[in-house]
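# Commentary on secondary and tertiary structure
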Amino acid sequence: MTAPAQTAQQRERATTIFEKSVPGRRAFVAPELDVPEKPVGDLLPASARRAEPPRLPEVAEPEIVRHYNRMSKRNFDLDTGFYPLGSCTMKHNPKLHERLAAMPGNARLHPAQAPARSQGALELMYNLERALSEVSGLPHVSLQPSAGSHGELAGVLLARAYHDDRGDTARTKVLTPDTAHGTNPATVTMAGYEVVKVETSADGGVDIDDLRGKADESVAALMLTNPNTLGLFDRNIDEITRIVDACGAISYYDGANLNAIMGITRPGDMGFDVVHFNLHKSFTQPHGGGGPGAGPIAVSDRLEPFLPVPVIARHEAGDGGPTFDLDEDRPKSIGRLRGFQGNYGVFVRSYAYICSLGAEGLREASEVAVLNANYLMARLRETAGQHLPVAFDRACGHEFVLSGAPMKRELGVRTLDLAKRMLDYGYHPPTVYFPLLVDEALLIEPTETETRETLDGFAEAIGEILREAAHDPDALLNAPYTTPVRRLDEAAAARSPVVRQPLSG
Ligand SMILES: *Cc1c(COP(=O)(O)O)cnc(C)c1O
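Split by domain assignment, the chain resolves into domain 1 (97–354) and domain 2 (359–485). One C-alpha centre belongs to domain 1, the other to domain 2; they are set 30 Å apart. Counting residues at the interface gives 29 residues for domain 1, matched by 22 residues for domain 2. Here domain 1 meets domain 2 over a buried area of about 1900 Å², counting both sides, of which 60% is carbon and sulfur. If you sort the residues of domain 1 by the area they bury against domain 2, L230, L232 and N259 come out on top, with a joint share of 28%. There are zero salt bridges connecting domain 1 and domain 2. Taken together, domain 1 and domain 2 are joined by nine residue pairs in polar contact (both at pLDDT 80 or more). Grouping the amino acids of the side of domain 1 that touches domain 2 by side-chain chemistry returns 15 nonpolar, 11 polar and three charged.

Encoded structure:
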């Protein structure tokens, strides 16, 4: 029996929904109007009206359903397979959270609704703030920032406001280790400070002597990720914040890697003044397509007066229970960071996550995330250690870095080629070429929500790909073979992207 040259689905895949359009075909027909028609001119001024109706495809409902279903399968997502994208914490998002976020009282709440009529939402946000305060060990929280990078900007602006308020206006620098995520130096620059790099020591932590040499009266803040982007918890964390404090600067904790420490240790207890959370990483949200996210910050007492407005205020109202309000009257505030109150659906999901796990559960999530990372690191040492050694060989946090440099030297294939081949095996590749400190880096983060069988399968697949590379490097150099789009010319895709298919006819 021979397979047909092309299945109906393959043929469909090549056809756009516009090409399927047939004039007059409908997916839905509105019922006859049984009230007087209102001329559109009464509702919209001429300047806001279209001259012609939009060019929409005219198709039947099954075609629309198949169209979106097909589109959804062209992407790789967490519901498709293992997604060990380091730094991004691609953990499973419980489907219960989607149901809660989609409840009409949550999903349909208008952002301009008056506080008196959105008490439930404000209470949820207030309670989320309290939970994040507990997790971070810092007393005050703002949910305003919409991403980790936005939280960074808020935090550095708070540091500036704090120094300015004390008349301490000569500080011009922010220290960041050379392992920092790219958003850290970008934030520092946007906030008007100069980036000063701090070296990494042989064990992958902050080089204490280098830090000591650079921490002086010209420094406004230190921005540190812990565990850092190498997946390593800094052994000198107390010493680091003491050095920063001694020069009068603020210690900023990039909390993107909170998934390694939730419920185990707290940035506030380590001596930090401000931390950002990536709710879309540590506290479950579908992410990876660019949002929406949330990057709340938690701060110490000395930074509290400068928090962005509005601040959610709780008032004890006696019998009826507490009431909630938005406090805008904060003279020292750095101001507003965005319209409305933040991505509320994100808050609902993260609050549901915290409530359903509880303190013990959050701790367990982190413990299993760290255990999974260390297990996978050990398995990969067996299946791939010869060509892909661990960059800093010690116990890791929730992620770890391999170097593809020996693979490149010995087999003639780069980390990029290995990553592309993984797609054919059904795995999303890890983060590649970051952190910059490691040559041909692969940053692998399995998260706590993957089974041992999945981790074993991944380690064995990498081993198999390396064996393939040894006898047939072309198999990697031309990969992927099975994806909707083969290997792209990445420079051309960035410089002159083709984002529309020409319409036929
Ligand atoms: C993801 C990440 C950020 C930035 O967070 P966004 O929410 O993507 O803006 C900052 N630092 C580290 C270490 C990260 O992993």
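Still more ground to cover, so stick around.
Turning next to the pattern of salt bridges. Applying the stated criterion to the full structure yields 31 salt bridges. Between R266 and D269 there is a salt bridge whose closest N-O contact spans 2.9 Å. Looking at R266, the relative accessible area reads 26%, which means it is partly exposed. In this structure, K420 engages E490 in a salt bridge whose closest nitrogen and oxygen atoms are separated by 3.5 Å.

It is worth spelling out the sheet that holds strand β6 (residues 274–276) at this point. Strand pairing in a sheet relies on backbone hydrogen bonds, with the paired strands running either antiparallel or parallel. Here seven strands make up an open sheet; going across it, the order is β1-β7-β6-β5-β4-β2-β3 and the pairing mixed. Each end of this open sheet is capped by a strand with a single partner; those strands are β1 (140–142) and β3 (194–198). Shown here is a sheet whose adjacent strand axes are inclined to one another by a mean of 20°, direction ignored. Contacts between helix α6 (residues 148–165) and the sheet are confined to β4 (219–225), β5 (250–254), β6 and β7 (297–299), with β5 contributing the most and set at about 175° to the helix.

On to the sheet that holds strand β11 (residues 431–432), then. Spatially, three strands are ordered β10-β12-β11 in an open sheet, and the strand pairing comes out antiparallel. Each edge of the open sheet carries a strand with a single partner, namely β10 (400–403) and β11. Bridge count between β11 and strand β12 (residues 441–444): two bridges; the pairing is antiparallel. Following the sheet pairing, T431 is matched in β12 by L443. The strands touched by helix α11 (residues 344–384) are β10 and β12; relative to β10, the strand with the most contacts, the crossing angle is about 20°.

Bringing the nonpolar core into the picture now. Ranked by size, the top nonpolar core spans 54 residues in total, and within it L132, F277, L279, F283 and F347 carry the most contacts. Within the residue set of this core, elements represented by two or more residues are α5 (119–136), β3, α8 (208–214), β4, α9 (237–246), β9 (323–327) and α11. Not counting residues within four places of it along the chain, the set of residues in contact with L279 comprises L128, L132, T284, Q285, A294, P296, V346, F347 and S350. Membership of the second largest hydrophobic core comes to 29 residues, among which are V413, Y427, I462 and A475.

Cut-offs and rules
The written sequence of each chain sets the order in which its residues are numbered from 1. With the structure being a predicted model, the display of local features is reserved for residues of pLDDT at least 70 and the display and counting of side-chain atom pairs for 80 or more, all residues being used for whole-chain, interface and lining totals. Excluding hydrogens and water, the side-chain values take into account all heavy atoms of the structure. For the domain bounds, the source is a domain assignment made automatically or taken from a database. Any pair of residues with heavy atoms lying within 4.5 Å of one another is described as a contacting pair. As a working definition, buried area equals the accessible area (1.4 Å probe) given up by two parts on being put together, with both sides summed. Salt bridge, as used here: a side-chain nitrogen of Lys or Arg that lies within 4 Å of a carboxyl oxygen of Asp or Glu. In the analysis that follows, any N or O atom pair within 3.5 Å is treated as a polar contact, provided that within protein one partner can donate a hydrogen and the other can accept it, and provided that, for residues neighboring in sequence, both atoms belong to side chains. Residue classes follow a fixed rule: Ala, Val, Leu, Ile, Met, Phe, Trp, Tyr, Cys and Pro count as nonpolar, while Asp, Glu, Lys and Arg count as charged, and any other residue, Gly among them, counts as polar. Throughout, exposure labels follow a simple rule: accessible area from a 1.4 Å probe, protein chains only, divided by the maximum for the residue type, with under 20% read as buried, over 50% as exposed, and the rest as partly exposed. Strands are treated as partners if at least two bridges between them are detected by DSSP. Helix numbers and strand numbers start at the N terminus; a helix is a DSSP run of H or I with at least 4 residues, a strand a run of E with at least 2. A fitted line through C-alpha atoms represents every axis, and for helices the fit uses only the stretch in contact; the resulting angles, taken between N-to-C directions, go from 0 to 180 degrees. Nonpolar cores were defined as sets of buried Ala, Val, Leu, Ile, Met, Phe, Trp, Tyr and Cys residues, with membership established by side-chain atoms within 4.5 Å.

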